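Structural overview for review
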Amino acid sequence: MLRLRAAEPADVPAIFTLIGELADYERLRAEMTGSAEDLRRHLFGEPRYVHTIMAEWDGAIAGFALYFFNYSTFLCRPGLYLEDLFVRPEYRGRGVGLNLLRSLEEVARDIGCGRFEWSVLDWNHSAIDFYREFGAQPREGWTLYRKPLSD
């Protein structure tokens, strides 16, 4: 059935493929400009910037969660930021996403994080409903800003 595990270097091609599937789902494939080698370096190099939990269903890759740690100056505690959560369509409705979220919440609690947060596209109502069922609430009054940096 379902097995969650930390990603290993051999998973990089699968993770990169899943990121592409997520980009397609979010209609953002044109913004996907990184490479599998970039991903490998940031997942397993020094310094290590991101972490990934893999979800397998009967040995097949069903999805993943990619996260990193940030810091709250007001709380004076680290936070866990979920960058991407993706479950392949054929595995949705089986508890894969919920178990990935619970696993990340456990990681955050174990290291003493003060926050576990993420962003969601405002048109993705199924994800918004799913996150609300998990107990998450939108952060009212905050707007995400981004300044792209060129290479």
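Residues numbered from 1 in each chain as written. Predicted model: local features only at pLDDT ≥ 70, side-chain atom pairs only at ≥ 80, totals over all residues. Heavy atoms only, no water.

**Details of the overall build of the protein**
Keep this limit in mind: The numbering of helices and of strands both runs from the N terminus, where a helix is a DSSP run of H or I of at least 4 residues and a strand a run of E of at least 2. With a 1.4 Å probe rolled over the protein chains alone, any residue whose accessible area is under 20% of its type maximum counts as buried; one over 50% counts as exposed, and the rest are partly exposed. Contacts were defined at the residue level, with two residues in contact if any of their heavy atoms lie within 4.5 Å. With residues, only the protein chains shown are counted as cover, and all accessible areas are computed by Shrake-Rupley using a 1.4 Å probe.
Looking only at helices and strands, the protein has four helices and five strands in total. Taken from N to C terminus, the helices and strands of the protein fall in the order β-α-α-β-β-β-α-β-α. Its C-alpha atoms give the protein principal-axis dimensions of roughly 40 × 40 × 35 Å. Relative to its full complement of 151 residues, the protein shows a buried share of 35%. Taking all contacts inside the protein whose residues are at least 6 apart in sequence as the whole, residues at least 24 apart take part in 58%. Entry remark: accessible area of the protein is about 9900 Å², with carbon and sulfur atoms responsible for 52%.

**Here's the deal with the state of the cysteines**
Inclusion rule: Cysteine sulfur atoms are paired as a disulfide whenever they come within 2.5 Å of each other.
Within the structure shown, the criterion is met by zero disulfides. With no disulfide partner, Cys76 has as its closest neighbouring cysteine sulfur the one in Cys113, 14 Å distant. Judged by its relative accessible area of 54%, Cys76 is exposed. On the basis of relative accessibility, which here comes to 10%, the residue Cys113 falls in the buried class.

**With respect to the pairing of strand S5 (residues 115-118)**
Which entries qualify depends on this criterion: At least two bridges found by DSSP between two strands is the condition for calling them paired. Crossover handedness is defined here as right-handed if the route from the first strand over the helix to the second strand goes clockwise, with the strands pointing away from the viewer.
Because side chains alternate across S5, one face comprises the buried residues Phe116 and Trp118, and the other comprises Arg115 and Glu117, none of which is buried. Inspection of the sheet shows strand S4 (residues 77-87) paired to S5 by four bridges, in the parallel sense. By the bridge assignment, Leu80 is partnered in S5 with Phe116. Handedness of the crossover joining S4 and S5 through helix H3 (residues 96-110) is recorded here as right-handed.

**A word on the packing of helix H1 (residues 12-25) against helix H2 (residues 36-44)**
Let me state the cut-off plainly: Fitting a line to C-alpha atoms yields each axis, with helices limited to the stretch in contact; the angle taken between N-to-C directions then spans 0 to 180 degrees. Handedness of a helix crossing follows the sense of rotation of the near helix relative to the far helix, less than a right angle counterclockwise being left-handed and clockwise being right-handed. Under the grouping applied here, Gly and all other residues not named as nonpolar or charged are polar, the nonpolar ones being Ala, Val, Leu, Ile, Met, Phe, Trp, Tyr, Cys and Pro and the charged ones Asp, Glu, Lys and Arg.
For the pair H1 and H2, interaxial distance at closest approach is 10 Å and the crossing angle is 115°. Every pair of crossing elements has a handedness; the one defined by H1 and H2 is right-handed. Residues Val12, Pro13, Ile15, Phe16 and Ile19 of H1 pack against Ala36, Leu39, Arg40, Leu43 and Phe44 of H2. Among the residues forming the contact of H1 with H2, the class breakdown is nine nonpolar, no polar and one charged.

**Considerations on the pattern of salt bridges**
Inclusion rule: What counts as a salt bridge is simple: a side-chain nitrogen of Lys or Arg found within 4 Å of a carboxyl oxygen of Asp or Glu.
Taken as a whole and assessed by the stated rule, the structure comprises eight salt bridges. Its salt-bridge partner being Arg29, residue Asp24 comes within 2.8 Å of it at the nearest N-O pair. Judged by its relative accessible area of 42%, Asp24 is partly exposed. Look at Arg29 and you get partly exposed, because its relative accessible area is 40%. Linked by salt bridges that have partners in common, Arg3, Arg5, Asp11 and Glu56 make up one network.

**Let's talk about the sheet that holds strand S2 (residues 51-57)**
Pairing is mixed across the open sheet formed by five strands, whose spatial order is S1-S2-S3-S4-S5. The sheet is open, and its two borders are formed by strand S1 (2-6) and S5, each paired with just one other strand. For this sheet, the mean angle separating the axes of adjacent strands, direction not counted, is 25°. Here S2 pairs with strand S3 (residues 60-72) via seven bridges, running antiparallel. Bridging from a neighbouring strand, His51 pairs with Tyr67 of S3. Sheet strands touched by H3: S1, S2, S3, S4 and S5. Its angle to S4, the strand with the most contacts, is close to 165°.

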